[in-house]
Every structure is written in C-alpha cells, then in structure tokens.
Amino acid sequence: MEGRHDAELVERVWGDDLRIEGVVVEYLEGVDDLPAIVEAFAPGPDARLGVLVDHLVPGSKESRIAAAVTGAHALVVGHPYIDVWQAVKPSSVGIPAWPQVPRGQDWKTGVCRALGWPENTGAAWQRILSRVRSYKDLEPALLGRVEELIDFVTAPEDAEGRADAEAAGGRPPEAPGRGAPVVHAVRRAGRERTLVAAIPEVTAMLKTAVGWHVELEFEEDTHRTRAAALVRLPDGTEVRSHGYASRHPADGNQPRVGEEVAGARALNDLAMQLLTKAHGEIDSASGRTSFPLSH
C-alpha cells in the first residue's frame with residue numbers, strides 16, 4: 001500500500017481473508033522508491049507483489065513508475081481518489097459529500113477545516129476508519145482495485161487458461177434486433193465461465209443508433225469468484241474492470257451467487273471508470289475544472 005491509511009483500511013475490510021491466503025499488507029512512503037523495492041522483493045511465481053497507489057492518473061510520474069515495474073509477477077494499480085479517505089462513502093462517515101479543497105492546500109487539513117473537525121489528521125482518520133464496518137462502506141472504484149490485487153497475488157499461474165479464455169470469448173455477436181438484449185453463456189473446462197452480453201442498440205437524438213458491447217468473464221475456485229468486465233466504446237476504446245466475491249467457510253457453495261456479487265462489483269467499477277473518463281473529457285473540452293460526476 002502506498003500509505004499507512006491505505007494499509008489500515010485494507011486490513012480492516014480484507015484482513016481476515018488475507019491472513020487465510022497468507023498475504024501480508026505493508027505500506028510505502030510514496031512511490032518514488034518503488035523500483036528499488038520491487039527489485040529487492042524479487043517477485044516470482046511463488047511470491048507475487050501487488051501495489052495500490054493513490055490518485056494514479058495517466059501521464060503522471062506515478063503512472064510511469066507503475067508501468068516500469070509492472071510485470072508477470074508484480075502489479076501496480078491505482079484508484080482515482082486524491083486520498084484514500086475519499087474511498088469511504090460520505091454517507092458512512094455521516095457527511096453529505098467530501099469537501100472540495102482548493103489546490104495548493106493540504107488536502108486532509110482542508111477537509112478537517114471544511115467539516116469543522118479539529119485539524120488533527122490522525123484523529124480525523126481514526127474517526128473515518130471507525131465508521132468502516134465492511135466493503136459496503138467503500139466506493140466501488142477502490143473495491144475493484146483492491147480485489148484485483150488480491151486476485152493477482154493469490155491466483156495460481158495459468159497462462160494457458162487465460163489465453164484459452166480470451167480465445168473462447170472473442171467479440172460478442174451482434175444483437176439480432178433493436179431492443180432485444182441477447183446473453184450468451186459459454187462454459188469451458190473446469191469451473192471457469194464466460195458470460196458475454198450483447199447490449200441492445202440505444203436510439204439517441206438525431207436518430208443515431210449507438211451500440212455498446214459489454215463482456216463479463218468469470219473465474220472461480222472453491223471460495224473465490226473473479227469477474228472481469230470489458231466494454232468496447234464506439235470509438236474503439238476499451239474500458240476494463242474487475243469484481244470479486246469471497247465465500248465464507250461456513251457458507252454453502254453457491255456459484256451463481258458468487259457470480260452475481262462479483263459481476264455487480266465489476267459493473268460498478270466499470271461505471272465509475274466511465275464517469276471518470278467522461279468527467280475528464282468534459283474538463284478538456286471546456287478548459288475548466290468541474291465537480292466530479294457521481295453515480
């Protein structure tokens with residue numbers, strides 16, 4: 001984890017599951033020393049490394065460092081928030097929204113000031129953390145990133161299976177008629193499944209027909225389900241997301257429930273990424289900074 005608060009939040013929500021998997025959570029003081037840390041860790045098939053970075057945006061120094069160290073056994077992902085505080089839902093903290101802090105001002109101190117809290121960021125974080133009881137108190141954009149890392153560091157190496165999944169999935173077929181959604185389920189060896197959904201055409205203003213294709217792929221073992229979502233936009237852009245579901249040892253094995261939970265989380269994450277993308281395009285076209293788009 002990039003910071004101590006990130007590590008504490010992950011431990012609070014996922015700690016029990018991580019201990020079962022034998023995963024250790026540590027925090028970093030920023031990402032500048034990440035290349036040296038990765039080199040010292042020497043990740044390999046039996047010791048994978050996953051790193052979560054705050055506010056990882058394309059074109060930044062952090063994104064270049066992340067790309068440089070990401071490999072077959074090391075993965076760096078980031079969430080869109082300025083600080084992990086924002087990944088806690090405002091409703092869980094008891095506030096209407098996270099304040100907008102002017103640039104040039106320390107963000108955490110600015111938040112405390114705007115909310116009328118004492119300007120003690122350590123005490124403020126403990127106040128926020130105490131309101132987090134489960135993943136339901138966190139935003140989907142963080143859930144997807146953390147679960148992606150957990151899946152990466154715990155999943156067995158299966159390059160052939162991954163390639164087969166891509167080959168079996170392919171592009172989804174076109175919908176046969178406007179307004180008629182078609183869902184195709186493809187079952188392969190083992191308990192690995194692919195779900196491909198062809199979204200019906202949407203008629204917009206000027207009678208322009210726009211079609212989006214969304215693919216959902218599931219991988220399952222005895223206690224975890226992973227969903228990978230992909231949407232292809234009309235301009236050729238692909239947006240990908242992940243969602244995960246873990247089965248408690250005391251619960252019965254219900255693969256469909258796992259797929260529903262993991263699929264919903266993947267689609268939630270996909271929605272957040274599309275909102276973030278749209279927000280950036282609005283600001284780029286208008287030449288100003290606007291408020292982030294919400295659900």
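Everything numeric in this text was worked out from a predicted model, so none of it was measured.

What follows covers the pairing of strand β1 (residues 49-53). Within β1, four of the five residues are buried, which leaves it mostly tucked inside the rest of the structure. Remark: the β1/helix α3 (residues 61-69)/strand β2 (residues 74-78) crossover connection has right-handed handedness.

Attention shifts here to the packing of helix α1 (residues 4-21) against helix α6 (residues 121-129). Packing of α1 against α6 brings their axes to within 11 Å, and their N-to-C directions diverge by 20 degrees. In terms of their interaxial angle, α1 and α6 are classed as roughly parallel. Here α1 runs over α6; the crossing is right-handed. Only Trp 125, Gln 126 and Leu 129 of α6 make contact with α1, whose side of the interface consists of His 5, Glu 8, Leu 9 and Arg 12. The residue makeup of the contact of α1 with α6, split by class, is three nonpolar, two polar and two charged.

Let us now look at the pairing of strand β8 (residues 224-232). Where a strand is regular, its side chains alternate between the two sheet faces. Of all nine residues in β8, nine are buried; the element is thus mostly enclosed. Neither face of β8 is left uncovered, since the one carrying Arg 224, Arg 226, Ala 228, Leu 230 and Arg 232 and the one carrying Thr 225, Ala 227, Ala 229 and Val 231 both have all their residues buried. Of the strand pairs in this sheet, strand β7 (residues 213-220) and β8 are connected by eight bridges, and their pairing is antiparallel. Counted as the bridge partner of His 213 is Arg 232 from β8. Following β7, the chain reverses through three residues before pairing antiparallel with β8. Relative to strand β9 (residues 238-246), β8 runs antiparallel, the two sharing nine bridges. Within β9, the position partnered with Ala 227 by the bridge is Gly 243. Taken together, β8 and the strand that follows it, β9, pair antiparallel across an intervening segment of five residues, in which Gly 236 is found at a positive phi of about 95 degrees.

Moving on to the pattern of salt bridges. Taken as a whole, this structure holds eleven salt bridges when the rule is applied. When the shortest N-O distance is used, the salt bridge between Lys 108 and Asp 83 registers 3.4 Å. Highlighted residues: Lys 108 in helix α5 (residues 107-115) and Asp 83 in the loop between β2 and α4 (90-93), separated in sequence by 25 residues. Linking Arg 113 and Glu 119 is a salt bridge whose minimum nitrogen-to-oxygen distance equals 2.9 Å. A relative accessible area of 45% places Arg 113 in the partly exposed class. Ionic contacts of the salt-bridge type, sharing partners, join the residues Glu 215, Arg 232, Glu 238 and Arg 240 into one network.

Tracing the backbone shows Thr 237 in the loop between β8 and β9. Here Thr 237 falls in the partly exposed class, since its relative accessible area comes to 27%. Once residues within four sequence positions are removed from consideration, Thr 237 is found in contact with Val 231, Arg 232 and Lys 277.

Leu 9, Trp 85, Trp 98 and Leu 142 are the most contacted members of the largest nonpolar core, which has 34 residues in total. Take this core: its biggest share by element is seven residues, from helix α7 (residues 140-154).

Its place among the elements puts Ser 63 in helix α3. As a C-alpha pair, Ser 63 and Val 53 span ten residues in sequence and 9.2 Å in three-dimensional space. Filtering out sequence-adjacent residues up to four positions away, Ser 63 remains in contact with Leu 56, Val 57 and Pro 58.

Should pLDDT be low for a region, the predicted coordinates there are not to be read in detail. In the predicted model, the protein chain carries a mean pLDDT of 76, and the fraction of residues at 70 or more is 78%. Throughout residues 159-209 the model reports pLDDT below 50, and contacts reaching past four residues in sequence, or to other chains, amount to 78 contacts.

Further remarks concern the packing of aromatic side chains. Following the criterion strictly, the structure yields three aromatic pairs and no others. Centre to centre, the rings of Trp 85 and Trp 107 are 6.0 Å apart; their planes meet at 70 degrees, and the pair counts as edge-to-face. Of this pair, Trp 85 sits in the loop between β2 and α4 while Trp 107 sits in helix α5, and the two are 22 residues apart along the sequence. As far as the burial class goes, Trp 85 and Trp 107 line up, both buried. Since its relative accessible area comes to 10%, Trp 107 is described here as buried. The rings of Trp 85, Trp 98, Trp 107 and Trp 125 are connected pair by pair, giving a single aromatic cluster. Just above the ring of Phe 152 sits the side chain of Arg 48; from NZ or CZ to the centre is 5.2 Å. Between the NZ or CZ atom of Arg 265 and the centre of the ring of Tyr 135, over which it lies, the distance is 3.9 Å.

Thresholds applied
- Residues numbered from 1 in each chain as written.
- Predicted model: local features only at pLDDT ≥ 70, side-chain atom pairs only at ≥ 80, totals over all residues.
- Heavy atoms only, no water.
- Buried < 20%, exposed > 50% of the residue type's maximum accessible area, 1.4 Å probe, protein only.
- Helix = DSSP H or I, 4+ residues; strand = E, 2+ residues; numbered from the N terminus.
- Right-handed = clockwise from strand over helix to strand, strands pointing away.
- Axes fitted to C-alpha atoms, helices over the stretch in contact; angles between N-to-C directions.
- Parallel < 35°, antiparallel > 145°, perpendicular 65-115°, else oblique.
- Left-handed = near helix turned anticlockwise from the far one by under 90°.
- Contact = heavy atoms within 4.5 Å.
- Nonpolar A, V, L, I, M, F, W, Y, C, P; charged D, E, K, R; others polar.
- Pairing = 2+ DSSP bridges.
- Salt bridge = Lys/Arg side-chain N within 4 Å of Asp/Glu carboxyl O.
- Core = buried A, V, L, I, M, F, W, Y, C linked by side-chain atoms within 4.5 Å.
- pLDDT = per-residue confidence, 0-100.
- Phe/Tyr/Trp six-rings, centres within 6.5 Å; stacked < 30°, edge-to-face > 60°.
- Lys NZ or Arg CZ within 6 Å of the ring centre and 35° of its normal.

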